[in-house]
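# Structural overview
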Amino acid sequence: MSQQAADQSTEQEVLTAEERATDLLESSYSVVVKLADQQADASSPLYSAKSFEELGLHEDLLKGIYNMKFAKPSKIQERALPLLLQNPPRNMIAQSQSGTGKTAAFALTILSRINYDLHAPQALVLSPSRELARQTMEVIQEMGKFTQVTTTQAIKDENLPPRVNSHIIVGTPGTVSDLIKRRVIDAKNIRLYVLDEADNMLDMQGLGDQSRNLKRLLPRDCQIVLFSATWADRVRQFAHEIAPHANEITLKPEELSVDGIKQFYVDCRSQSKENKNQKYDILVGLYSLLTVSQSIIFVKKRETADEIAQKMSEKHHAVVSLHGKLEAAQRDEVIDSFRAGKSKVLITTNVIARGIDIANVNMVVNYDMPTDQYGRPDPETYLHRIGRTGRFGRTGVSVNFVHDNKSMQVMNDIEAHFDRKMVALPDDLDEAEEIIKKAMKST
Ligand SMILES: Nc1ncnc2c1ncn2[C@@H]1O[C@H](COP(=O)(O)OP(=O)(O)OP(=O)(O)O)[C@@H](O)[C@H]1O
């Protein structure tokens with residue numbers, strides 16, 4: 001796209017600020033109506049035949065759920081909870097689409113199983129990132145608000161007492177292993193071991209060793225609970241090893257895509273060849289869309305995240321970047337300010353591709369297509385990235401940037417893997433913007 005169009009789009013963002021703020025954002029009323037319709041549709045992952053009362057949850061937990069404005073269970077909650085709460089406890093390997101309520105499924109299991117009179121660690125939840133561990137902790141505390149539950153966050157730089165007596169520990173594998181080995185956490189009463197984003201937690205390229213070694217420190221009869229939206233074949237056997245004789249809830253690849261996420265791509269190859277900053281100029285050209293509500297831009301490398309954030313900030317675009325090289329306190333500040341809506345655009349790497357739940361994110365950009373460490377297409381990471389939008393019945397948009405034949409091939413492979421069409425956006429930025437705006441509003 002030409003420089004002139006990029007400048008023009010900057011002018012546009014001034015002219016349509018009011019327009020953007022009103023007509024594109026779904027009103028809260030329309031979101032609630034749409035959700036009720038979806039929860040009444042038996043084919044929706046948000047549907048359930050039962051009410052929360054019929055799931056046999058303690059009234060203190062029902063109070064917590066209703067206080068969080070949860071009207072009915074989602075499909076994964078309705079199917080997983082009865083199996084997770086049966087006695088004697090059985091292990092679980094569960095799968096459900098992104099944004100369909102897996103956190104509440106394991107949180108309610110934990111809050112139902114702990115002995116509140118025993119002031120000792122009884123449940124351990126591991127997350128692959130600091131950000132997700134902090135988010136999950138907040139969900140558990142909110143859900144257990146009307147109980148006497150006590151919790152401890154086991155992540156880097158947390159000030160912990162010499163001995164932790166909380167009922168529930170939520171943390172990241174390295175920190176938790178260290179605390180158990182140093183006997184700050186006594187594992188002898190732990191009866192629930194939950195791995196969220198479990199495929200990533202068990203993957204040899206991921207945190208596989210730590211998660212599996214940690215299990216050896218726990219009581220043998222501990223109930224193992226594994227949740228994720230994706231379960232690549234190579235990881236499934238690790239799941240069965242760590243969680244023998246488990247109940248299983250699985251989906252086929254073609255069931256994994258969330259209908260509410262409209263998937264597009266921009267073919268940067270077809271733009272004028274002399275401008276080597278095509279991708280960046282198109283990203284800036286889309287800026288007014290990125291700030292309709294909030295958006296997350298995924299890149300491959302930390303340096304790219306910092307570089308784009310720097311360049312866009314120089315143009316007075318409110319953009320923040322987050323990646324693993326930042327100090328813990330900086331990471332917390334960036335994600336908390338983004339979650340509070342103080343910044344509209346977050347540029348990040350795969351460090352928060354999974355689990356992060358921010359309702360106002362209505363657009364995800366794959367500035368770099370996700371590939372594994374060998375450069376091969378990474379459909380699981382793709383699904384988790386775009387799953388940061390279109391959550392629990394909301395509408396979301398994802399836009400892939402294709403800049404050469406390799407990235408086009410990666411995208412085609414991922415499209416075939418999920419059997420879900422990705423729609424080409426026109427080269428003309430104004431037309432592309434209209435199409436995306438329409439998709440953001442579609443039900
Ligand atoms: N029964 C429910 N009714 C209404 N909202 C719900 C319900 N269950 C969960 N939610 C909300 O839906 C959103 C998504 O839930 P959650 O983050 O648990 O999804 P997830 O399945 O873990 O997604 P991911 O695979 O991306 O981690 C959250 O904001 C949560 O508060």
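Computed from a prediction, not measured in an experiment: that's the story for all the values here. (Residues numbered from 1 in each chain as written. Predicted model: local features only at pLDDT ≥ 70, side-chain atom pairs only at ≥ 80, totals over all residues. Heavy atoms only, no water.)

On to unusual backbone geometry, then. For the bond running from asparagine 87 to proline 88, omega is -5°, close enough to zero to count as cis. Along the polypeptide, proline 88 turns up in the loop between helix H5 (75-85) and strand E1 (92-95). Not every positive phi belongs to a glycine, and glutamate 197 is a case in point at roughly 50°. Residue glutamate 197 is classed as buried on the basis of its relative accessible area of 5%. (Helix = DSSP H or I, 4+ residues; strand = E, 2+ residues; numbered from the N terminus. Buried < 20%, exposed > 50% of the residue type's maximum accessible area, 1.4 Å probe, protein only.)

Let us look at the packing of aromatic side chains. In total, this model carries three aromatic pairs according to the counting rule given. Between phenylalanine 52 and tyrosine 66, the ring centres sit 6.3 Å apart and the planes meet at 80°, which makes this aromatic pair edge-to-face. Placement of phenylalanine 52 in the loop between helix H3 (28-39) and helix H4 (59-67) and of tyrosine 66 in helix H4 is noted, with a sequence separation of 14 residues between them. For the ring pair phenylalanine 106 and phenylalanine 227, a centre distance of 5.8 Å and an interplane angle of 55° mean the geometry is tilted. Note that phenylalanine 106 is positioned in helix H6 (residues 102-113) and phenylalanine 227 in strand E6 (residues 223-228), a separation of 121 residues in sequence. There is no split in this pair, since phenylalanine 106 and phenylalanine 227 are both buried. Lying over the aromatic face of phenylalanine 238, arginine 212 brings its terminal NZ or CZ to 4.6 Å of the ring centre. For the cation-ring pair, lysine 311 lies above tyrosine 280, with the distance from its terminal atom to the ring centre recorded as 4.0 Å. (Phe/Tyr/Trp six-rings, centres within 6.5 Å; stacked < 30°, edge-to-face > 60°. Lys NZ or Arg CZ within 6 Å of the ring centre and 35° of its normal.)

Next up on the list: the site of the ligand. Contacts to the ligand come from 20 residues, most closely from Lys72, Gly99, Lys102, Asp357 and Arg391. Between the ligand and arginine 391, the relevant distance is 2.7 Å, taken from an oxygen atom to a side-chain nitrogen or oxygen of the residue. For the ligand, whose free accessible area comes to 640 Å², the fraction covered by protein is 87%. Residue classes in the shell around the ligand are distributed as five nonpolar, nine polar and six charged. Residue assignment places the shell around the ligand across two domains, with domain 1 (31-255) and domain 2 (261-441) each supplying three or more. (Near = heavy atom within 4 Å. Polar contact = N/O pair within 3.5 Å; in protein donor to acceptor, adjacent residues only side chain to side chain. Areas by Shrake-Rupley, 256 points an atom, 1.4 Å probe, with all protein chains shown as cover. Nonpolar A, V, L, I, M, F, W, Y, C, P; charged D, E, K, R; others polar. Domains from an automatic or database assignment.)

Time to look at the packing of helix H16 (residues 379-386) against helix H17 (residues 405-418). Where H16 contacts H17, the axes come no closer than 10 Å and their chain directions differ by 80°. Taken together, the axis directions place H16 and H17 in an arrangement best described as roughly perpendicular. Residue-level contacts link Pro379, Glu380, Tyr382 and Leu383 of H16 to Ile414, His417 and Phe418 of H17. Split by residue class, the contact of H16 with H17 holds five nonpolar, one polar and one charged. (Axes fitted to C-alpha atoms, helices over the stretch in contact; angles between N-to-C directions. Parallel < 35°, antiparallel > 145°, perpendicular 65-115°, else oblique. Contact = heavy atoms within 4.5 Å.)

Right, let's talk about the side chain of arginine 385 for a bit. When you line up the elements, arginine 385 lands in helix H16. Although buried, arginine 385 forms no salt bridge, and the nearest oppositely charged side chain, aspartate 368, lies 6.4 Å from it. Within the structure, the side chain of arginine 385 is placed 2.7 Å from the backbone oxygen of aspartate 368, a separation counted as a polar contact. Not counting the four nearest positions on each side in its chain, arginine 385 is found in contact with Phe298, Val299, Asn350, Ala353, Val364, Asn366, Asp368, Met369 and Pro370. (Lys, Arg positive; Asp, Glu negative; His and termini not counted. Salt bridge = Lys/Arg side-chain N within 4 Å of Asp/Glu carboxyl O.)

This part takes up the domain arrangement of the protein chain. Parsing the protein chain into structural domains produces domain 1 (31-255) and domain 2 (261-441). Placing the centre of domain 1 and that of domain 2 at their C-alpha centroids yields a distance of 28 Å. Listed per partner, the contact involves 28 residues of domain 1 and 28 residues of domain 2. Summed over both partners, the interface of domain 1 with domain 2 comes to about 2,400 Å²; 51% of that surface belongs to carbon and sulfur atoms. For the domain 1 face of the interface with domain 2, the top three residues by lost area are Glu131, Arg134 and Gln135, together amounting to 23%. There are six salt bridges connecting domain 1 and domain 2. (Buried area = accessible area lost by both parts, 1.4 Å probe.)

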